[in-house]
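Tertiary structure, described
The residues making up each chain are set out below.
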Amino acid sequence: MPDNFRDLEIHMTTPGKVRHLLGGLLFVGALLLASCSRPAAPDALRPKGDGVGIANIGEYSILIPEKATSQEKAGAAMLADYLGKIFQVKLPVLREPQPNRGKLISVGNTALAAASGIVANPREQSYKLAVSGGNLFILGGTRGPIYGVIALLEEDLGCRWYMRDDAQVIPGRSQDLFTVVPRSYSPPFEVREPLYLE
């Protein structure tokens with residue numbers, strides 16, 4: 001056996017190194033045991049605040065502005081798709097000023113939102129979720145409507161997307177009711193890109 005391997009073998013069996021290794025293993029084991037014995041934490045993504053109930057979701061339509069941006073169109077399509085998967089409903093997507101009956105989920109800076117006095121922060125990535133007159137409003141800056149839709153799906157309805165290639169977590173709901181916590185969010189930084197490749 002070459003000398004450098006014998007040296008490695010001698011250094012690996014030094015009593016001091018063995019003690020450090022055993023101490024490290026005991027510490028990691030204690031941490032794992034402590035984390036397993038703690039009660040489950042509440043949903044960390046669940047927004048804080050008083051919620052407003054949205055009932056009979058199957059009777060809603062999704063409304064977008066007459067001159068909807070690509071973000072507003074994508075947000076409305078995503079919302080219709082996932083609400084369909086969660087509640088087994090098919091919600092129509094209407095463009096203003098198309099007539100509608102029933103309650104609305106307004107995605108983007110619609111005339112209905114302006115008439116209801118609901119205005120969002122104009123920063124590009126900010127969003128606002130509001131409920132007025134039984135209607136749900138999701139609006140914001142340029143990219144805000146889609147971030148608002150994702151926030152509603154993740155934080156209020158429990159959907160999860162962990163990685164692009166992983167299976168999605170979409171909770172099924174038998175009840176035609178969910179709770180929305182009205183809120184606004186404007187990120188402290190304008191850049192949301194992780195700038196890495198998978």
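1. A few points about the pattern of salt bridges
- Across all of its chains, the model carries four salt bridges by this definition.
- Close ionic contact of Arg183 with Glu155 constitutes a salt bridge, the shortest N to O distance being 2.9 Å. With Arg183 in strand 8 (residues 183-185) and Glu155 in helix 5 (residues 144-156), the pair connects residues that are 28 residues apart, well separated along the chain.
- A relative accessible area of 15% places Arg183 in the buried class.
- Two residues, Asp156 and Arg183, come together in a salt bridge whose shortest N-O distance is 2.6 Å. Taken together, the residues span a long stretch of sequence, with Asp156 in helix 5 and Arg183 in strand 8 at a distance of 27 residues. Comparing Asp156 with Arg183, the two get one shared label, buried.
- What you see here is one network of salt bridges that share partners, running through Glu155, Asp156 and Arg183.

2. A closer look at a nonpolar patch on the surface
- A contiguous nonpolar surface patch, about 330 Å² in accessible area, is contributed by Tyr162, Met163 and Val169.
- Relative to the elements of secondary structure, Met163 occurs in the loop between helix 5 and strand 7 (177-180).

3. Some remarks on helix 5
- Here helix 5 spans 17 Å end to end across 13 residues, near enough to the 18 Å set by a 1.5 Å rise per residue.
- Taking burial as the measure, the 13 residues of helix 5 include 11 buried ones, the bulk of the element.
- Buried residues belonging to helix 5 abut helix 3 (70-87), strand 4 (104-107), strand 5 (127-132), strand 6 (135-140), strand 7 and strand 8.
- With its phi angle positive at about 85°, Gly158 sits one or two positions after the end of helix 5.

4. Considering the pairing of strand 7
- The alternating pattern of strand 7 places Phe178 and Val180 on a buried face and Leu177 and Thr179 on a face that is not buried.
- One ladder, built from four bridges, connects strand 1 (residues 52-55) with strand 7; its direction is antiparallel. Its bridge partner being in strand 7, Val52 is matched across the sheet by Val180.

5. Structural notes on the sheet that holds strand 3 (residues 93-95)
- The six strands lie next to each other as 3-2-4-6-5-8, forming an open sheet whose pairing is mixed. Each edge of the sheet is formed by a strand with only one pairing partner; in this case those strands are strand 3 and strand 8. Strand-to-strand twist across the sheet, computed as the mean angle between neighbouring axes with direction ignored, equals 20°.
- Bridge count for strand 2 (residues 61-64) against strand 4 is three bridges, and the pairing is parallel. For Ile62, the partnering residue across the bridge sits in strand 4 and is Ile105.
- In the packing of helix 5 onto the sheet, contacts are made with strand 4, strand 5, strand 6 and strand 8, and the angle to strand 5 comes to roughly 70°.

6. Re the packing of aromatic side chains
- One pass over the full model with this rule turns up three aromatic pairs.
- Seen in terms of ring centroids, Tyr82 and Trp161 are 5.4 Å apart; in terms of plane orientation they differ by 85°. Their pairing is edge-to-face. With Tyr82 in helix 3 and Trp161 in the loop between helix 5 and strand 7, the pair connects residues that are 79 residues apart, well separated along the chain.
- With a relative accessible area of 7%, Tyr82 lands in the buried category.
- Ring geometry for Tyr127 against Tyr185: centres 5.9 Å apart, planes inclined by 45°, an arrangement best described as tilted. In this pair, Tyr127 is assigned in strand 5 and Tyr185 in strand 8, connecting sequence segments 58 residues apart.
- By relative accessible area, which is 7% here, Tyr127 ends up buried.

Rules of the game
Residues numbered from 1 in each chain as written. Predicted model: local features only at pLDDT ≥ 70, side-chain atom pairs only at ≥ 80, totals over all residues. Heavy atoms only, no water. Salt bridge = Lys/Arg side-chain N within 4 Å of Asp/Glu carboxyl O. Helix = DSSP H or I, 4+ residues; strand = E, 2+ residues; numbered from the N terminus. Buried < 20%, exposed > 50% of the residue type's maximum accessible area, 1.4 Å probe, protein only. Patch = residues over 30% accessible without salt bridge, like charges linked within 9 Å, V, L, I, M, F, W, Y side chains within 5 Å. Areas by Shrake-Rupley, 256 points an atom, 1.4 Å probe, with all protein chains shown as cover. Expected span 1.5 Å × (residues − 1). Contact = heavy atoms within 4.5 Å. Pairing = 2+ DSSP bridges. Axes fitted to C-alpha atoms, helices over the stretch in contact; angles between N-to-C directions. Phe/Tyr/Trp six-rings, centres within 6.5 Å; stacked < 30°, edge-to-face > 60°.

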